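Report on the structure
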Amino acid sequence: EDKVVQSPLSLVVHEGDTVTLNCSYEVTNFRSLLWYKQEKKAPTFLFMLTSSGIEKKSGRLSSILDKKELFSILNITATQTGDSAIYLCALRDDKIIFGKGTRLHILP
Amino acid sequence: EAGVTQFPSHSVIEKGQTVTLRCDPISGHDNLYWYRRVMGKEIKFLLHFVKESKQDESGMPNNRFLAERTGGTYSTLKVQPAELEDSGVYFCASSQVAGATYNEQFFGPGTRLTVL
């Protein structure tokens, strides 16, 4: 069965720290790997990764995909309290297969 | 531009009752998806409409769930009769053009369903 596993499940760090969120998968066929940030309500799109080894960056966030080892990481540097959220990793073919998410809490 | 909207935000019903959830996709989006997150589990796909047609309903848990999208605009998801294990957050998402190589799915805020 297709599976997306995220770790850790939950993470609490202080403002200014750097965090790395992990996503590994066992999915036979997919078009892209997606990262979402979910605060109170709707998941909002962060990154789409389709090729191995190419880092995507957006401000303090960056992500990379390793199709050989079947994982992706999401890095957040110089974290701020506004980064507190659930971060979802997902694989996209047509429908989306989600991981359980990593709940990140940033302490001031 | 308005995003995906869902109604209601939260519904609390008793086991055996019927509930209907509504999703209004972004105007002009052909694709509409329903997902569900049950407590402690990941968000799971339920079904996919392309306009008014069901493209993929492989994720629907059982025949107590009925989704419709008459006219290809808004969609409803009815649960009848509701069971305790149906409790969770039901998300709707929409994306633009059917058959395109990549369509970002935009998610609604979800409807929290609690079955007592």
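Here's what I pulled together on the structure shown here. Because the structure is predicted, anything quoted here is derived from the model rather than measured. (Residues numbered from 1 in each chain as written. Chains lettered and ligands numbered in written order. Predicted model: local features only at pLDDT ≥ 70, side-chain atom pairs only at ≥ 80, totals over all residues. Heavy atoms only, no water.)

Attention now goes to the interface of chain B and chain A. Listed per partner, the contact involves 23 residues of chain B and 18 residues of chain A. Each partner contributes to the roughly 1700 Å² buried at the junction of chain B and chain A, and carbon and sulfur atoms together form 53% of this total. On inspection of chain B and its partner chain A, the count reaches 0 salt bridges. Here chain B is connected to chain A by 3 residue pairs in polar contact (both at pLDDT 80 or more). Sorting the residues of the side of chain B that touches chain A by element identifies strand 4 (31-37) and strand 5 (43-50) of chain B as the ones contributing at least two each. (Contact = heavy atoms within 4.5 Å. Buried area = accessible area lost by both parts, 1.4 Å probe. Salt bridge = Lys/Arg side-chain N within 4 Å of Asp/Glu carboxyl O. Polar contact = N/O pair within 3.5 Å; in protein donor to acceptor, adjacent residues only side chain to side chain. Helix = DSSP H or I, 4+ residues; strand = E, 2+ residues; numbered from the N terminus.)

This paragraph deals with the sheet that holds strand 3 (residues 19-24) of chain B. Residue and element names in this part refer to chain B. The strand order 1-3-8-7 describes an open sheet built from 4 strands, whose pairing is antiparallel. Strands at the two margins of the open sheet, each flanked by one partner only, are strand 1 (5-7) and strand 7 (65-68). Neighbouring strand axes in the sheet, compared pairwise and without regard to direction, differ in orientation by 15° on average. Sheet topology note: the strand 1/strand 3 ladder contains 3 bridges and is antiparallel. By the bridge assignment for strand 3, Gln-6 is matched with Cys-23. (Pairing = 2+ DSSP bridges. Axes fitted to C-alpha atoms, helices over the stretch in contact; angles between N-to-C directions.)

Attention shifts here to the sheet that holds strand 1 (residues 3-7) of chain A. Residues and elements named next belong to chain A. With respect to topology, 5 strands assemble into an open sheet ordered 1-3-8-7-6, the strand pairing being antiparallel. The open sheet has two edge strands with one neighbour each: strand 1 and strand 6 (56-58). Between one strand axis and the next, the sheet turns by 15° as a mean value, whatever way the strands run. Bridge analysis of strand 1 against strand 3 (residues 19-26) gives 5 bridges, and the strand direction is antiparallel.

On to the nonpolar core, then. Val-4, Tyr-25, Leu-33, Trp-35, Tyr-87, Leu-91 and Leu-104 of chain A are the most contacted members of the largest nonpolar core, which has 22 residues in total. Beyond its immediate stretch of four places on either side in the chain, Val-4 of chain A contacts Cys-23, Ser-24, Tyr-25, Val-27, Cys-89, Leu-91, Ile-97, Phe-98 and Gly-99 of chain A. (Core = buried A, V, L, I, M, F, W, Y, C linked by side-chain atoms within 4.5 Å. Buried < 20%, exposed > 50% of the residue type's maximum accessible area, 1.4 Å probe, protein only.)

Each pocket or cavity is described by its volume, and for the largest pocket that value is around 600 Å³. Sorting the residues of the lining of the largest pocket by element identifies strand 11 (102-107) of chain A together with strand 9 (88-95) and strand 11 (111-115) of chain B as the ones contributing at least two each. When residues in the lining of the largest pocket are grouped by element, the largest group, 4 residues, is from strand 11 of chain B. Here the residues of the lining of the largest pocket sort into 8 nonpolar, 11 polar and 7 charged. In this model, the second largest pocket occupies a volume close to 370 Å³. Around the second largest pocket, the lining is made up of 18 residues, and of these Glu-1, Asp-2 and Ile-97 of chain A together with Glu-42 and Lys-44 of chain B lie nearest the centre. Taken together, the elements giving at least two residues each to the lining of the second largest pocket come down to strand 1 and strand 10 (96-98) of chain A together with strand 5 of chain B. A total of 4 residues in the lining of the second largest pocket trace back to one element, the largest contributor, which is strand 1 of chain A. By residue class, the composition of the lining of the second largest pocket is 8 nonpolar, 3 polar and 7 charged. (1 Å grid on protein atoms, 1.4 Å probe; cavity = no way out; pocket = protein on both sides within 12 Å on 5 of 7 lines; lining within 4 Å. Points joined across faces, edges and corners; volume = space filled by probe spheres on them. Nonpolar A, V, L, I, M, F, W, Y, C, P; charged D, E, K, R; others polar.)

So, about the packing of aromatic side chains. Counted by the stated rule, this structure contains 11 aromatic pairs over all chains. With a centroid separation of 5.7 Å and an interplanar angle of 85°, the aromatic rings of Phe-98 of chain A and Tyr-35 of chain B are classed as edge-to-face. With Phe-98 of chain A in strand 10 and Tyr-35 of chain B in strand 4, this residue pair bridges two chains. Exposure remark for Phe-98 of chain A: the relative accessible area of 2% places this residue in the buried category. Residue classification places Tyr-35 of chain B among the buried residues on the basis of a relative accessible area of 0%. Measuring from ring centre to ring centre gives 6.3 Å for Tyr-33 of chain B and Tyr-35 of chain B, while their planes differ by 25°; the resulting arrangement is stacked. The ring of Tyr-74 of chain B has Arg-22 of chain B sitting right over it, with the charged end atom 3.7 Å from the ring centre. (Phe/Tyr/Trp six-rings, centres within 6.5 Å; stacked < 30°, edge-to-face > 60°. Lys NZ or Arg CZ within 6 Å of the ring centre and 35° of its normal.)

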